[in-house]
Amino acid sequence: MKTSHLQEQWTALRTIVTKEILRFARIWVQTVLPPMITTALYLVIFGGLIGSRIGEMDGYRYMDFIVPGLIMLAVITNSYANVVSSFFSSKFQRHIEELMVSPVPNTLIILGFVGGGVARGLTVGIAVTIVSLFFSPLSVHSVAVTVSVVVLTSVVFALAGLINGVFARSFDEISIMPTFVLTPLTYLGGVFYSVSLLPDFWQSLSQLNPILYMVDAFRYGLLGTSDLALGTSYSIILAFIVALYLFALAILNRGIGIRS
Amino acid sequence: MTNPALEIRGLHKTYRNGFEALKGIDLTVAPGSFFALLGPNGAGKSTTIGIITSLINKTSGTVRVFGHDLDHEIQEVKRSIGVVPQEFNFNTFEPVGEIVVNQAGYYGIPRQEAWRRTRHYLGELGLWDQRKEMARTLSGGMKRRLMIARALVHEPRLLILDEPTAGVDIELRRSMWDFLRNINCDGRSIILTTHYLEEAERLCRSIAIIDHGRIVANTTMKSLLAKLDTETVVLDLLAPAERLPAHDSIVLRAVDELTLEADISRGQSLNILFQLLDRHAIKVQSMRNKTNRLEELFIRMTQTPSNRGKEIRTAR
Ligand SMILES: Nc1ncnc2c1ncn2[C@@H]1O[C@H](COP(=O)(O)OP(=O)(O)O)[C@@H](O)[C@H]1O
Ligand SMILES: [Mg+2]
């Protein structure tokens, strides 16, 4: 009885995740290809043309320094974008009702959408990594740190995208957060520079930016150097996951944005 | 004692904008029945269905489905119900087959079994050949049938259809009716909302009429139709009648100064009417039959100046 119930839940979760993966896979030209192209452009322009004049950053070739940041940038934006647009369009086209009438608990709805977001984040992350191989050799200092940081970061932004999707009432409202919050924080999160270059005041301010910790921990996983303590980074990422999950669950339980 | 398929008590719904869409609804649907919820646009049909199917929050009242309380046994309630909403609510960029299979997946039905059932229901509804096509390429009637297949794939005991034949052409409507009748014969309870009177009359054994968020009738189709065993004739008068005579078996109403309506039971002789009119010196110039049957009753029960006649006649 108990196991069959678990089996049913597993089937439901797999159904949602598979559906989410098929959704972005069907439109890969819009979802997977663009970040590959932008990353290639960043690497050619910043890494190659400008980077050769910058010299070293934290003891690495500028090109090698920005690769981890660019991978994270792609993972973050794509994890977020996948969930926010999928959830919002399921409200817009009303097929969120398919889930609402079914006995799938809200926890599984969250896990399912987040699973889809992480799948897209990782797919794009891998695609971008492959692109970067043409510019910079891939060295992995610690597989465990690299993989865990990228997956956990992807979960954070998939959850954030879900929350945005729940509240959004128009297509405008699904692009406000990425444009005005996510992109600036990512760019200021040490994708293109080491925060140790900043004056003290700006360094302290930067430490309020959660993305800084994610990029830094990821860079540690690949290169083996970091500006911040690894433990702090993990704690912050995990704290965000717990908080965002609880918030997402609360708003889904209340039916915000979906049940009148 | 078997539980009713649906039991609603004191159901109220006030939307956020303050609009009171349901003003205390009581409804009981026996298991196995084919039940019609009939009412003009805006009466509260979709609101009621939305609440039963967890798409809309109720303000107060209780809903039980086969004895399971919506507030405490939501999982059982959800498993018991399949719903075909009034508006299309599937992903139009998903293939037809996947829409149905995924729905089965949400109910925990394993993939292989899900495809077997999808094949069965899409087949019955004439859509199996379209299983690989994107849902957006289907015609309106096909989309409606897709939603029926999707609602049945977890084999619910209660099927709820919100205006399933709106915008569906006559021929297709007939075949949909046959399909639903078969489903009902297999033991599934069906609740159907409609504003097509003919549909309710043909399909349903029990009926409730809803208007302005209130149930105005809840009975069997038979007893409702029995009420129609009166016929209404319209009398155009030569001169205004001074006073309307009272009579045991004939009801007279003044429509305006020169027009009367008379309800007489079927089988009663018209001579009685004329004797009555003669006795009171009411001079009749001409007489005609008023269209009768359900619509007549419906209009009488949901009488407001705004919806009177209009909706009903165009719907037919
Ligand atoms: N989300 C909503 N907010 C406010 N009023 C609503 C909402 N949905 C429906 N209504 C109103 O509630 C009434 C009943 O609507 P509905 O249940 O859809 O009627 P029916 O299905 O019988 O046509 C209508 O007057 C409608 O305008
Ligand atoms: Mg309606």
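As shown above, the structure is provided for reference.
Read on for an overview of the structure. This one's a predicted model, so the numbers in the text were calculated from it and none came from an experiment.

Brief notes about the overall build of chain A
Now for step 1: The secondary structure content of chain A amounts to 11 helices and two strands.
Now for step 2: For chain A, the N- to C-terminal ordering of α and β elements is α-α-α-β-β-α-α-α-α-α-α-α-α.
Now for step 3: Here the C-alpha atoms of chain A give a radius of gyration of 19 Å, agreeing with the 18 Å that 2.2 N^0.38 yields for 260 residues.
Now for step 4: When the backbone C-alpha atoms are referred to their principal axes, chain A occupies close to 60 × 40 × 35 Å.

Focus on the coordination of the magnesium ion (ligand 2)
All names here are of chain B.
Now for step 1: On the protein side, the magnesium ion (ligand 2) has Ser46 (OG) and Gln86 (OE1) as donor atoms, found 2.0 to 2.1 Å from it. Residue Ser46 is found in helix α1 (residues 45–52), and its partner Gln86 is found in the loop between β6 (81–84) and α3 (96–106); the two are separated by 40 residues along the sequence.
Now for step 2: Assessed through its relative accessible area of 29%, Gln86 is described here as partly exposed.

Focus: the packing of aromatic side chains
Now for step 1: A full pass over the atoms with the stated rule returns 12 aromatic pairs over all chains.
Now for step 2: For the ring pair Phe87 of chain A and Phe113 of chain A, a centre distance of 5.2 Å and an interplane angle of 65° mean the geometry is edge-to-face. With Phe87 of chain A in helix α4 (residues 62–92) and Phe113 of chain A in helix α6 (residues 106–132), this pair connects stretches of sequence that are 26 residues apart. Pair check on accessibility: Phe87 of chain A and Phe113 of chain A agree, each one buried.
Now for step 3: Taking the centre distance of 5.9 Å and the plane angle of 45° together, the rings of Phe88 of chain B and Phe90 of chain B count as tilted.
Now for step 4: On the basis of relative accessibility, which here comes to 34%, the residue Phe88 of chain B falls in the partly exposed class.

With respect to the pairing of β6 of chain B
Residue and element names in this part refer to chain B.
Now for step 1: Neither face of β6 is exposed, since Ile81 and Val83 on one face and Gly82 and Val84 on the opposite face are all buried.
Now for step 2: Summarising the sheet, β6 and strand β7 (residues 158–162) pair through four bridges and their orientation is parallel. Within β7, the residue paired with Gly82 across the bridge is Leu159.

Concerning empty space enclosed by the protein
Now for step 1: In the structure shown here, the tally under the stated rule is six cavities of 30 Å³ or more.
Now for step 2: Lining the largest cavity are 19 residues, and of these Val101 of chain A together with Gly82, Val83, Gln103 and Tyr107 of chain B lie nearest its centre.
Now for step 3: Taken together, the elements giving at least two residues each to the lining of the largest cavity come down to α5 (96–101) of chain A together with α2 (74–80), β6 and α5 (140–152) of chain B.
Now for step 4: Classifying every residue of the lining of the largest cavity gives nine nonpolar, six polar and four charged.
Now for step 5: Lining of the second largest cavity is provided by 13 residues; of these, Glu8, Gln9 and Pro103 of chain A together with Arg79 and Tyr106 of chain B occupy positions nearest its centre.
Now for step 6: Among the elements that take part in the lining of the second largest cavity, helix α1 (residues 2–26) of chain A stands out by supplying four residues, more than any other.

Analysis parameters
Residues numbered from 1 in each chain as written. Chains lettered and ligands numbered in written order. Predicted model: local features only at pLDDT ≥ 70, side-chain atom pairs only at ≥ 80, totals over all residues. Heavy atoms only, no water. Helix = DSSP H or I, 4+ residues; strand = E, 2+ residues; numbered from the N terminus. Rg over C-alpha atoms; globule rule 2.2 N^0.38 Å. Donors = N, O, S within 2.8 Å, 3.2 Å for Na, K, Ca; no water. Buried < 20%, exposed > 50% of the residue type's maximum accessible area, 1.4 Å probe, protein only. Phe/Tyr/Trp six-rings, centres within 6.5 Å; stacked < 30°, edge-to-face > 60°. Pairing = 2+ DSSP bridges. 1 Å grid on protein atoms, 1.4 Å probe; cavity = no way out; pocket = protein on both sides within 12 Å on 5 of 7 lines; lining within 4 Å. Points joined across faces, edges and corners; volume = space filled by probe spheres on them. Nonpolar A, V, L, I, M, F, W, Y, C, P; charged D, E, K, R; others polar.

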